[in-house]
Amino acid sequence: MLYWLYERDLESTIKFLEEKFKSKPEIVKANIKALKTGYFYGETVEVIKTTFRVPEARLEKGTYRNIMGNECLSLGLIAAAEKAKLNLFFGGYPITPASDILHILSKYKNFGIKTFQAEDEIAGMCSVLGAAFAGDLAITASSGPGIALKGEAIGLGVITELPVVVINIQRGGPSTGLPTKTEQSDLNQAMYGRNGECPAVVIACQSPSDCFETAFTACKIALEFMVPVMLLSDGYIANGSEPWKLPDLDKLEDIKTRVIKKKSGDAFLPYDRDEKTLARPWGLPGTKDLEHRIGGLEKANITGNVSYDPDNHDTMVKLRQKKIDIIADYIPEAKVFGNEKGKLLVLGWGGPYGAIRSAVIKCNQEKREVSHLHLKHIHPFPKNLASILSNFDKVLVPEINLGQLSNIIRSKYMIDTINFNRVSGKPFTSPDIYDKILKTLKGEE
Amino acid sequence: MSENVVLKKKDFVSDQEIRWCPGCGDYAILNAVQKTFPDIGVAKEDFLVVSGIGCSSRFPYYMNTFGFHSIHGRAPAIASGAKLSNPSLSVWLITGDGDAMSIGGNHFIHLLRRNIDINVLMFNNRIYGLTKGQYSPTSEIGKVTKSTPNGSLDFPFNPVLLAMGSGGTFIARTIDKDLKHQGGIYKEANDHKGTSFIEIYQNCNIFNDGAFSILTDRETKLDSTIRLVQDQPMVFGANLDKGIILDGFNLKVVNIGEKYSISDLLVHNKKDKNLAMLVCEMTYNDLLPTPFGVIYAEEKRTYDDMLIEQMEQQIKAKGPGNLKDLIYTKNTWTVS
């Protein structure tokens, strides 16, 4: 009936049924019959006077497929492993809404992917640290409560400067909260949720089809800079579906790991850094003459030996932050949608991308001076963010939390921001954002 | 292994200053391990020593191998990740009674259940040493410590029995003071495919001095301990005049002589699970000697082998993964 109502072609669904129930021809027949009967019923009874025609979406040229966020993200991880010429190790513990990543990756053992369902979240994270030390592209995925459990081990990854990617498919919190609902409330956790000065890279997906590139970038940063990367997605992105313009695989960027094969001086120095990126070398167990020890006690810079020296600790604390800050030189500058100057910038991150973008497009069609900037890189921020922010009279930050990005922007750039927060477990709709934009423009915030 | 290099003990000594208290049992264990490693047929670069937190967990810093000093209780998970990433490594896990039995209890049982080919050396001093003297999960009940001035109220774990219950496939016990015995056990553990669990009684001379003195003092040790030797009758005592028999479903000490002869005694068989359970129970038991040696050994498939097998099967069935095919599936459409 719906196919008739919306004037949709039955052909692709018939094909899908034939494929899906290949081994059960009677089920294929029954389904096709039911499908066609509904369609012809709609056509014949002439009760419903209205049909709807949805115009074809305007998409860029290219090859497309429909994809859900977690699947797209998993493919990004697999692509990164291939580009880095590493095996992918995934260690994790089942949790909604992140488990799909474990399910998906476990199907691809023929890609050299190892998946390890650990006994708990902590073990998931720790297995990933072990695999990273041994030379795999090592990844874990969880959601807020699981990430909380992993916190201490993520800190171990920060002090041992191992390349790991920690994926958080955010859900409603605190505690068990709303496991099946979406939220953006773990940004503070990604930024600060560990003991000590413990900086990690933070990067966020903005839509299901964007997950590929963001996951790829997260792996690239982890491997090239030898740092843990917190990759944020959310329940809405993870389970949402949209057309994905398939990437040209020949044009994917290379990933150059820090693996070294031979020692150069008298002894291998595990914290002897690249001058520009400050990334340490990756000496893998099994490689002759590279024997060394790492661990959670403070390390002397260069040698990596345990050090309680006060000046060394001060150096290392600052160095670990500098390692993150330096990455800003290597990531793309932020690009504003709409005018680069104006009355209002809507600044977003993560899941609300679509709602914000449609609202801003509508405003622009109505000749309202509104621009949109959506941040993928949150720690570090793109280098030009300060100058972009200074070009607008007002900055509106819609978030499904109590203003976590907004607070970071305020404290870092000393500017006022206007918060728009609703934490109901549901994504923003475009009209929500549109109404708030109009109010803000009128000065009714 | 890269080439045939003859390794010596000094090859495994790192340049780091040892920070254990003088007189600690840990020195003897470090010495025994450094003496054993050259002889077990593993290239130096293939050793990986992983530890958690505690006095014993300083161990990797003193070994000139690849090492990872991690966080409290989590070494089994880190070692598992490393071993699964690179199954050709010889992975040794150093832990203590607090690290493995308390904060890391969950990881410990699951490592044994999976039977990943890792050798676990658990230093058991029945006390928290690094935090300066609280009772541990292996301390005897009633233990007076800093945190239990009126005596502890918890019943202790018997680590070898916990290892049996977790599905362990190699379970042994040794003691810091006996270097030779340690060496033999470490070699056997290395040869065993699967998780090897070795409980090492270790004296903390600062916070629990003499915990095992009855088992090590010249006057008492022969009557309070028994060496398990495969296929040999369970004989012990200063004059080798005592033995263990099965009395109903329990073990009992008898004097060899008039009523009992050697042939009445139980014969140790590490492959016998029921016997191993009984031998494990010869712990914290004043009526029976404390056993040392390999209590249980079972051949069972390892997780690491099965993982590799599964991957090979999948490659055989589907062919090596092709990224382009994975992304450009059948359900695509083109916009031009």
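This one's a predicted model, so the numbers in the text were calculated from it and none came from an experiment. (Residues numbered from 1 in each chain as written. Chains lettered and ligands numbered in written order. Predicted model: local features only at pLDDT ≥ 70, side-chain atom pairs only at ≥ 80, totals over all residues.)

Caption draft 1: Inspection of the overall build of chain A at higher detail. Along the backbone of chain A there are 15 helices and 16 strands. Computed over C-alpha atoms, the radius of gyration of chain A comes to 24 Å, within 12% of the 22 Å expected from 2.2 N^0.38 for 445 residues, which places it in the range of a compact globule. For chain A, the C-alpha atoms occupy an extent of roughly 85 × 60 × 40 Å along the three principal directions. Burial analysis of chain A (445 residues in total) assigns 49% to the buried set. (Helix = DSSP H or I, 4+ residues; strand = E, 2+ residues; numbered from the N terminus. Rg over C-alpha atoms; globule rule 2.2 N^0.38 Å. Buried ≥ 20, exposed ≤ 12 C-beta atoms within 10 Å, placed from the backbone.)

Caption draft 2: Molecular detail of the overall build of chain B. For chain B, the count of helices and strands is eleven helices and twelve strands. Overall, chain B is about 95 × 45 × 45 Å in size when its C-alpha atoms are taken along their principal axes. Residues classed as buried in chain B amount to 46% of the 336 residues present. Taking the contacts inside chain B whose residues are at least 6 apart along the sequence as the reference set, 66% of them involve residues at least 24 apart. (Contact = placed C-beta atoms within 7 Å.)

Caption draft 3: Geometry of the sheet that holds strand 12 (residues 333–335) of chain B. Strand order in the open sheet formed by three strands is 8(A)-1(A)-12(B), and the pairing between neighbours is antiparallel. In this open sheet, the two edge strands, each paired with only one partner strand, are strand 8 (241–245) of chain A together with strand 12 of chain B. The sheet shows a mean angle of 40° between the axes of neighbouring strands, taken without regard to direction. Note that strand 1 (residues 62–68) of chain A and strand 12 of chain B share three bridges and pair antiparallel. Residue G62 of chain A lies in a different strand from strand 12 of chain B, and its bridge partner there is V335 of chain B. Of the strands in this sheet, strand 1 and strand 8 of chain A touch helix 4 (residues 69–84) of chain A, which is tilted by about 120° from strand 1 of chain A. (Pairing = 2+ DSSP bridges. Axes fitted to C-alpha atoms, helices over the stretch in contact; angles between N-to-C directions.)

Caption draft 4: Highlighting the nonpolar core. L129, L137, I139, C219 and V229 of chain A are the most contacted members of the largest nonpolar core, which totals 194 residues. Counting contributing residues, this core receives three or more from each of domain 2 (63–330) and domain 3 (342–441) of chain A. (Core = buried A, V, L, I, M, F, W, Y, C linked by C-beta atoms within 7 Å. Domains from an automatic or database assignment.)

Caption draft 5: The domain arrangement of chain A, seen in detail. Taken domain by domain, chain A consists of domain 1 (2–45), domain 2 (63–330) and domain 3 (342–441). Computed over C-alpha atoms only, the centres of domain 1 of chain A and domain 3 of chain A are separated by 44 Å.

Caption draft 6: Main features of the confidence of the model for chain B. Taken residue by residue, chain B gives an average pLDDT of 96. The fraction at 70 or more is 99%. With pTM at 0.94, the complex prediction returns an ipTM value of 0.96. (pLDDT = per-residue confidence, 0-100.)

Caption draft 7: Fine view of the sheet that holds strand 6 (residues 196–201) of chain B. A sheet is described by the order of its strands in space; here nine strands give the open sequence 11(A)-2(B)-1(B)-3(B)-4(B)-6(B)-5(B)-11(B)-7(B), paired in mixed fashion. Looking at the sheet topology across the chains shown, the edges are occupied by strand 11 (293–295) of chain A together with strand 7 (225–227) of chain B. Sheet twist, expressed as the average angle between the axes of neighbouring strands with direction ignored, equals 20°. Pairing geometry for strand 4 (residues 118–124) of chain B and strand 6 of chain B, over six bridges, is parallel. Note that in strand 6 of chain B the partner of V120 of chain B across the bridge is F197 of chain B.

Caption draft 8: Seen up close, the interface of chain A and chain B. The partner chain B presents 52 residues to the 52 residues of chain A that form the contact. Counting only elements with at least two residues in the side of chain A that touches chain B, the list comes to strand 1, helix 4, strand 2 (88–92), strand 3 (114–117), helix 6 (121–134), helix 7 (144–160) and strand 11 of chain A. Counting residues per element, the side of chain A that touches chain B draws most heavily on helix 6 of chain A, which supplies ten residues. Class assignment of the residues belonging to the side of chain A that touches chain B gives a composition of 26 nonpolar, 13 polar and 13 charged. (Nonpolar A, V, L, I, M, F, W, Y, C, P; charged D, E, K, R; others polar.)

Caption draft 9: Representation of the pairing of strand 6 of chain B in the model. Residue and element names in this part refer to chain B. Strand 6 sits mainly inside the fold: six of its six residues count as buried. Neither face of strand 6 is open: one carries S196, I198 and I200, the other F197, E199 and Y201, and all of them are buried. Sheet analysis places strand 5 (residues 170–175) next to strand 6, joined by six bridges and oriented parallel. Across the sheet, residue I171 finds its bridge partner in strand 6, namely F197.

Caption draft 10: Representation of helix 3 (residues 25–45) of chain A in the model. Helix length check: helix 3 of chain A (21 residues) gives 30 Å between terminal C-alpha atoms against 30 Å at 1.5 Å per residue, within 8%. Where helix 3 of chain A terminates, the next one or two residues include E46 of chain A, which has phi positive at roughly 55°. (Expected span 1.5 Å × (residues − 1).)

Caption draft 11: Inspection of the pairing of strand 5 of chain B at higher detail. Residue and element names in this part refer to chain B. With six of six residues buried, strand 5 lies mostly within the body of the structure. Where burial is concerned, the two faces of strand 5 agree: the one with F170, A172 and T174 and the one with I171, R173 and I175 are both buried. Traced from strand 5 through helix 6 (residues 179–191) to strand 6, the parallel crossover comes out right-handed. Judged from the four bridges that link them, strand 5 and strand 11 (residues 290–297) form a sheet pairing that is antiparallel. For I171, the partnering residue across the bridge sits in strand 11 and is Y296. (Right-handed = clockwise from strand over helix to strand, strands pointing away.)

Caption draft 12: Layout of the packing of helix 12 (residues 353–365) of chain A against helix 15 (residues 430–441) of chain A. Residue and element names in this part refer to chain A. Where helix 12 meets helix 15, the axes come as close as 8 Å, and the angle between the chain directions of the two elements is 50°. Considering the angle they form, helix 12 stands oblique to helix 15. Seen from above, helix 12 lies across helix 15 with right-handed handedness. The segment helix 12 lies against helix 15, with A355, I356, S358, A359, K362 and C363 engaging S430, D432, I433, Y434 and I437. A breakdown of the residues in the contact of helix 12 with helix 15 according to their chemical character gives seven nonpolar, two polar and two charged. (Parallel < 35°, antiparallel > 145°, perpendicular 65-115°, else oblique. Left-handed = near helix turned anticlockwise from the far one by under 90°.)

Caption draft 13: A look at the environment of Q182 of chain B. All names here are of chain B. Its location among the elements puts Q182 in helix 6. With 24 C-beta atoms packed within 10 Å, Q182 lands in the buried category. Expressed as a C-alpha distance, the spacing of Q182 and I200, which sit 18 residues apart in the sequence, is 8.4 Å. Other than its neighbours up to four places away in sequence, Q182 contacts I29, A32 and T174.

Caption draft 14: Region of interest: unusual backbone geometry. Note the cis peptide between T96 of chain A and P97 of chain A, where omega equals 0°. Topologically, P97 of chain A is positioned in the loop between strand 2 and helix 5 (99–106). At the junction of G173 of chain A and P174 of chain A, the peptide bond is cis and its omega measures out at 0° in the coordinates. A positive phi angle is found at S175 of chain A, which is not glycine, with a value near 50°. Topologically, S175 of chain A is positioned in the loop between strand 5 (164–170) and helix 8 (187–192). Residue S175 of chain A is classed as exposed on the basis of its C-beta count, with 8 C-beta atoms lying within 10 Å. Although it is not a glycine, Y284 of chain B sits at a positive phi angle of roughly 55°. Note that Y284 of chain B resides in the loop between helix 9 (273–280) and strand 11.

Caption draft 15: A look at helix 1 (residues 26–36) of chain B. Within helix 1 of chain B, burial applies to D26, I29, L30, A32, V33, Q34 and T36 of chain B. Check the buried side of helix 1 of chain B and you find it contacts strand 4, helix 6 and strand 6 of chain B.

Caption draft 16: Seen up close, the packing of helix 6 of chain A against helix 7 of chain A. Residue and element names in this part refer to chain A. Their axes nearest at 8 Å, the elements helix 6 and helix 7 cross at an angle of 25°. Viewed along their axes, helix 6 and helix 7 adopt a mutual orientation that is roughly parallel. The way helix 6 lies across helix 7 gives a crossing that is right-handed. Where helix 6 abuts helix 7, its residues E121, I122, M125, C126 and L129 lie against G146, L149, K150, A153, I154, L156 and G157. Of the residues belonging to the contact of helix 6 with helix 7, the class tally is eight nonpolar, two polar and two charged.

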